[in-house]
Amino acid sequence: MEKITAANVESFQNELTSLIEKIHTESNPKQKMKYLKRIDKIQRSISAYRSKSKLSRETKRDLIAYSFIAPNFIGFCVFTLIPIVFAFALAFLSWDGSNPIEWAGLKNFKSLFKDKFFIAALKNTIIYCVGTVPLTMIVSLGLAILLNHKVLGRGLFRTLAFFPYVASLVAITSVWKMLFHPSKGPINNLLFNVFNVQQENLPQWFTGSLVLLSMIMFSVWKYMGYYMVIYLAGLQGVNGELYEAAALDGAGTWAKFKYVTWPQLSSTTFFVIVMLTINCFKVYDIAIMLAAGGNGELTLNSTVLVYYIYQKAFIEWKLGYSSAVAMVLFVLVLGVTLIQFWGQKKYQEG
Amino acid sequence: MKSKSANTIALKTLVYIILLIMAALMIIPFLWMLSASIKTDAEVFRMNPFVWIPKNPRWSNYSEIWTKIPFGRFVGNTVFLTIIVTCLQLLTSSFAAYAFAKLEFKHKNILFMGYLSTIAMPWQVYMVPQFIMMRKMGLNDKLLAIICLQAFSAFGVFMMKQFYEGIPSSLCEAARIDGMSEYKIYTNIMIPLSKPALSTLTIFTFVNTWNDYLGPLIYLKSQEKKTIQLGLKMFIGQYSSDYGLIMAGSVLSLIPVIIVFLILQKYFVEGVASTGIKG
Amino acid sequence: MRKKLISMLLATTMAGALMVGCGSNASTDAPATDASATDTATEAPAADSSAEAVTLKWSIWDQETTTYWQALADGYMAQNPNVTIEMVDLGSQDYMTVLATELSGSGSDFDVVTIKDVPGYATLVQKNAIQSLDSYISADGVDLAAYNGATDQVTVDGSLYELPFRNDFWVLFYNKDVFDKAGVAYPTNDMTWEEYDKLARSVTDTTFGSQVYGGHYHTWRSTIGLIGCLDGEHNILSGNYDFMKPYYEMVLAEEKDGVVRSYADLKTEGLHYSAAFSAGDTAMLNMGSWFISTLINNIASGEYDASLCGNWGIVKYPHADGVEAGSTLGTFTGLAVTSSTDVPDAAWDFVKWCSGEEGAAVMASTGNFPAIMTDDVVTTITSLEGFPTDDASKEALKTSNIYLEVPYDANVSEINTVLDTYHGMIMQGECTIDEGIASMNEEIGAILAQ
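Worth saying up front: this structure is predicted, and the values here are computed from it rather than measured.

K.L.:
Help me understand the overall build of chain C in this model?
P.N.:
Across its full length, chain C holds 19 helices and eight strands. In chain C, buried positions account for 47% of the 450 residues. Sequence separation of at least 24 residues holds for 76% of the intrachain contacts in chain C that already meet a minimum separation of 6.

Below, the structure is given as C-alpha cells:
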C-alpha cells in the first residue's frame, strides 16, 4: 500500500479518475483486471487515509473544545461537583469534622422527623415560599405590563425598581428595621397617629406570627424589580400582530392578557417560578437580619431550613445531620422544579 | 368615540398613579437612609415634625465611619474580591459557553448536564463539605477561598451559552472557512457581539459578590480579611444606636454597586432578553 | 457486607478529595521553613533566652477595643525575648464558632487559643482540638486552688483542657445622677431581687419624651434566665427549668409597665447594653464586671458622654431570699494549647504565665479581673483613675459565692440552642412563660436522656 499523505493525495485521486476512464475503454480483460486491482488498492489507501485524518481531526477538535471548557470546568468540578458528592455521602454518616467518621445509615433522616426545630424550620420555609413566589410573580408581571406601554419616565422607573435588588441586605435590612421599629418607627407612628391604632395593638413586625409576613413583604420588595426586568424582556418577544388580531376580534384588555400575553409568556413564567422557588428555599440572610434575637437565635416562628443547617453544622458540629437537612432542602427544590417542568410541558402540549 | 378617549385618559392616569406609588415604595427606604445618614441619633426617629434634611446636617458621620472601624480595609478587600471574581467569571464562563454553543465535541451533552443539574442545587446544600475541602486545601481565612467559591458558577456558563446560541452559526462557519482558528473566532467575532450578555453577567456577579454575606462569614475570619458586608454587620453590632453612622456606612456600601449598575444598565434589558434567561 | 462496601466507596471518594487537597497544600503553605524552625525549638526549653526564635500564634477578639491582649503579649515577650506572640483577631461576634471551624480536623496553625465560653470549650474538647494540660500542670506544680474552684467546673473526665486567665462576675451598675434626680436612695450591696424590682420601679419615669428606665436587661439569656441559679441549687444543666419562672415573670411585668425597654424593641434595634447605659436614661444595669473597664476607658476617652453616665457606681448582684449577699454569677476566659501546635511546651509556658500571678498583675493594671483574685488585685482595680470613689462600689467587688454561668457538659451547646430559642420566644410573647419552660424541660430532658 502506498503511503498517502496530505501532499500527494491529489495525485492519487487523479490517477484513480484516469484509471476509471481507462477501464471503460480497455478491451483486454487481462489489462482490465490489472486496472481494477490498482483501483481497488488506491481506493483502500485513500479511505484509510481519510479515516485516519478524520480521527486526528476529531481529536484535535475535541482538544480545542476542551481547552475552552477547562478553565471553568476544573474550578466548577473541584469547588462545586465534588462537594455535592460529599454532601450526599455526609447525610448517611455521623461526623463532627474531627473525629473518625462513623456510618449512620438512615439514622439522620429518621431523627429528622422527630425534631421539633426541623419541622418548624421546614414549615416556615414552605410558608415563606408559598407567600413569596406568587406575590413576587404577580407584582413583577403587573409592573412589567404597565411599563411595556409607552409611559413617561419608563427608563427611570426601570432603574428605580432595580435599586432594591442591588442594595446589600445588611444595609437595607437595617433601614427596614428602623422603618418598622415597633415603638419608634414611622410606620407604626403612622398607624398610631393617623389610623388611631391603640398603642398596645401596634404590630410587632419582627416577632410572633408577623415575622414571616415581614420577611415575605421584604423579599417581594427587594426582588420584584429583578423579575420585572425578566418579564419585560419576555414581553419584548410577544408578537405584536397577535394584539392587533385580538383587537379586531373585539377583545378587551383582560381578554388580550388572558389569550395573548399570558400564553406567550409561559416560558418566562416558568423560568421566574423556578428561580423564585430556588431562591426562596435558600432564604437565610433575610431571616437572620430581620428576626434574630440577642443570642443570634431564631425562634420556632422564624427559623428556616438554611439557618438550621448552619446551626447544626457550624455550632453543634453535627455535620451528618446537617447534611441530611440539606438533602431535604435539595429534594424540595428538585421536586418543585420537576413539577414545574412537567406542568410547563403539559401546558405547551395541550 | 368620546367616551373611549375619556376611558383611555382614565386608564393612563391610573397607570401613572400605580407607577408613582410603586416608585415611592421603592425609593423611600433609600431616601430615608440618605436622610438618616446626616442626622443625629435623636433626630432620626423624630416624627413631629419630620424633616428629610436636618437644619444642621451631620456630614461628620461620613468621615467618622472610616476611623471607627477599618472601613477602608473592608472596602479594599471587597473591591479586590469583586473585581477578580467578576473578571474570572466573565472570562471562564464565556470561554466555556462558546464551546458548548458553537463547537461539536465528545461528551458535550454529559458535561453540560453536569452544569445544568447544579443550577437547581442551593449552595447551602453543599456549603459544609465544600468548607471542609477548602480548609484541607489551606484556603480557610484566605481571600482566595471566596474567589474559588464565586468565580466558577454554572449559572454564568448557562447564561452565556443561551446568548451565543442566538448568534447565527453561519458567522462562525464563514470565519472557519477563512481559516480563522477557534480562539480567533471567539475573540474577534463572539466577544464584540456579546456586550449585552457580558454586561448582564457583570451586574449579576458584581452584585452577588459585593453583597455576599454567608460565604465570607464562613470563610473569612480574621479582621483584616473581612468584607464590607461583614464589617457593616459588625459595626451595627457595636454601634447599635449610632443610627446616623450606620446609615452613612450603608450609603457608602451601596455606591459602588449602584455606579456599576447605572453604567451597564442600558444593555441590561437587552441582555436579559437575548441571553434567554427569561426561559 | 453491603454496608461495608458503601463505607469503602465513601472512603475512596473522600481520599480522592483529600488528595486534591494535599496537592495544592504544598503550594499554599509556602512558609514551610517556618515549621522546621519551630520544630527544633521544641527541644530547647522555652524559657531559655538563648533558645531559637519561637512564634506563637494566638487567637483573640476585638484587639482594638480590648486593652489586655497587647499588654499580656508585651509582658510575656519582655521576659522571653526569643518568643514572638502573633495575635490573630477573629472578632467577638461569632468568636467560638469561627475558632471551632478553624481548629476542625488538622491543618490549623494556631498554638494558643483563647476560650470565650464553656459551650465552645466543650466543642473543642470533643473535637480533640485542644490538649489536656494535666501533665503540664502536675509537672510545673500549678496550684489549681488559686482559681477558687473555677477549674473544677470545666474538668472533663478528670482532665483539664484550659486555664482561666480572666474572671468576671456579675454586678449591678447604676447611674447616680438618675437616682439623685428622682430623689431615690442608691441601691445597696445587700438587696433581694424583690427590693431591686421595687427600686427600679421607683426611679422609672414613663413620661413620653423624657423616659427614664429603672433597669435594663440585655437581650442575652444570661441576664434573666440565670438569675435563678444564684441559690447554688439550680443550674442550667439540670433539665428542669421551673426555677426561671419567677424571674421571667418579674422582667415581663417590668416590660409591661415601662420599667425596662421591651425585648422586641431591643432586638429590632440590636441595642448594645453599653449604648443603653451611656445614654443616661437607664438607672440600673445588671452586667458582668468586664463593663467596668469599658466604662472607665470610654468615659476617659470621651466616647461616652460623661455628663450622661460619668457618675456611675456598682453594687453587689441582687440575691434571692435567704441567699447570702455577694452570691453572683461568674464566667471566665481561659487559654488552651491546640493539639496541632508544633511547640506545645512554649505554648504551655505562655498559658501558664498569663494565668499565673504575673499575668494577673497585667490584667489588673488594665482594669480587668484576672482569674487569680487577690487583695492586691482588688486594690489595683479600685484605685484606678475613673473607678467610683464611694465605699459601696469598692465593697461590691468582694464576692461570697460565684456560680459559673455554664458548667461543662458534653451536650452543652445543644442545650444552649434550646434555651436560647425558648428564651427568645418567652421574651417576645410567642409563648407563655409556662409553655416555654415546659418545652425547655421536655426538649432538654430528651437531650440528656440520650
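K.L.:
Please clarify how the overall build of chain B should be interpreted in this entry.
P.N.:
Scanning chain B for helices and strands turns up 14 helices and zero strands. Walking chain B from its N terminus toward its C terminus, one meets helices and strands in the order α-α-α-α-α-α-α-α-α-α-α-α-α-α. In terms of C-alpha radius of gyration, chain B reaches 24 Å, well past the compact-globule figure of 19 Å for 279 residues. Taken along the three principal axes of its C-alpha coordinates, chain B extends 75 × 75 × 35 Å. Contacts spanning at least 24 positions in sequence make up 79% of the contacts within chain B whose residues lie at least 6 apart.

K.L.:
I keep staring at the domain arrangement of chain B and nothing clicks. Help me out?
P.N.:
Reports of interface size often rely on the accessible area that becomes lost once the parts have come together. Along its sequence, chain B is carved into domain 1 (2-36) and domain 2 (61-274). For domain 1 of chain B and domain 2 of chain B, the distance between their C-alpha centroids amounts to 34 Å.

K.L.:
Just checking my understanding: could you explain the nonpolar core for this structure?
P.N.:
In globular proteins that are soluble, nonpolar side chains generally tend to be buried together. A:Ala287, A:Tyr307, A:Val325, C:Leu56, C:Val112 and C:Phe173 are the most contacted members of the largest nonpolar core, which has 300 residues in total. If we skip the residues at most four places from it in the chain, C:Val112 touches C:Leu56, C:Trp58, C:Leu335, C:Val337, C:Ala347, C:Phe350 and C:Val351.

K.L.:
For this particular structure, what's the right way to read unusual backbone geometry?
P.N.:
Negative phi is the rule for most residues except glycine; trans is the rule for most peptide bonds. For A:Trp317, which is not glycine, the phi dihedral falls at a positive 55 degrees. In this structure, A:Trp317 sits in the loop between α13 (305-315) and α14 (319-349).

K.L.:
Looking at this structure, how should I read the confidence of the model for chain C?
P.N.:
Caution is warranted with low-pLDDT regions, since their predicted coordinates should not be read in detail. Residues and elements named next belong to chain C. Across chain C, the average pLDDT comes to 84, with 88% of residues at 70 or higher. Per-element confidence in chain C ranges from a low mean pLDDT of 38 for helix α2 (residues 32-43) to a high of 95 for strand β3 (residues 112-115). Contacts for the low-pLDDT stretch residues 1-49, under 50 throughout, to residues beyond four places or in other chains number 48 contacts. Reported confidences for the modelled complex are a pTM of 0.83 and an ipTM of 0.84.

K.L.:
What is the right way to read the interface of chain C and chain A from this model?
P.N.:
Listed as interface residues are 36 residues of chain C and, on the opposing side, 31 residues of chain A. Those elements that provide at least two residues to the side of chain C that touches chain A are α1 (2-28), α4 (95-103), α5 (118-126), α10 (263-269) and α18 (412-427) of chain C. Broken down by element, the side of chain C that touches chain A gets its largest block of residues, seven residues, from α18(C). Counted by class, the side of chain C that touches chain A contains eight nonpolar, 18 polar and 10 charged residues.

K.L.:
Sorry if this is basic, but what is going on with the domain arrangement of chain C here?
P.N.:
All names here are of chain C. Partitioning chain C into domains gives domain 1 (51-168 + 331-382) and domain 2 (170-329 + 401-449). Each of domain 1 and domain 2 was reduced to a C-alpha centroid, and the two centroids are 28 Å apart. Listed by partner, the interface residues are 19 residues for domain 1 and 18 residues for domain 2. For the side of domain 1 that touches domain 2, the element with the most residues is α5, which contributes six residues.

K.L.:
Got a minute to help me understand the interface of chain A and chain B in this structure?
P.N.:
The partner chain B presents 70 residues to the 77 residues of chain A that form the contact. The element contributing the most residues to the side of chain A that touches chain B is helix α2 (residues 29-90) of chain A, with 21 residues. Its residues assigned to classes, the side of chain A that touches chain B comprises 55 nonpolar, 17 polar and five charged.

K.L.:
Help me understand the environment of B:Tyr98 in this model?
P.N.:
Tracing the backbone shows B:Tyr98 in helix α4 (residues 71-102). Measuring from C-alpha to C-alpha, the distance between B:Tyr98 and B:Asn56 comes to 57 Å, with 42 residues separating the pair along the chain. Filtering out sequence-adjacent residues up to four positions away, B:Tyr98 remains in contact with A:Phe68, B:Tyr164, B:Tyr186 and B:Met190.

So, how was this worked out
- Residues numbered from 1 in each chain as written.
- Chains lettered and ligands numbered in written order.
- Predicted model: local features only at pLDDT ≥ 70, side-chain atom pairs only at ≥ 80, totals over all residues.
- Helix = DSSP H or I, 4+ residues; strand = E, 2+ residues; numbered from the N terminus.
- Buried ≥ 20, exposed ≤ 12 C-beta atoms within 10 Å, placed from the backbone.
- Contact = placed C-beta atoms within 7 Å.
- Rg over C-alpha atoms; globule rule 2.2 N^0.38 Å.
- Domains from an automatic or database assignment.
- Core = buried A, V, L, I, M, F, W, Y, C linked by C-beta atoms within 7 Å.
- pLDDT = per-residue confidence, 0-100.
- Nonpolar A, V, L, I, M, F, W, Y, C, P; charged D, E, K, R; others polar.

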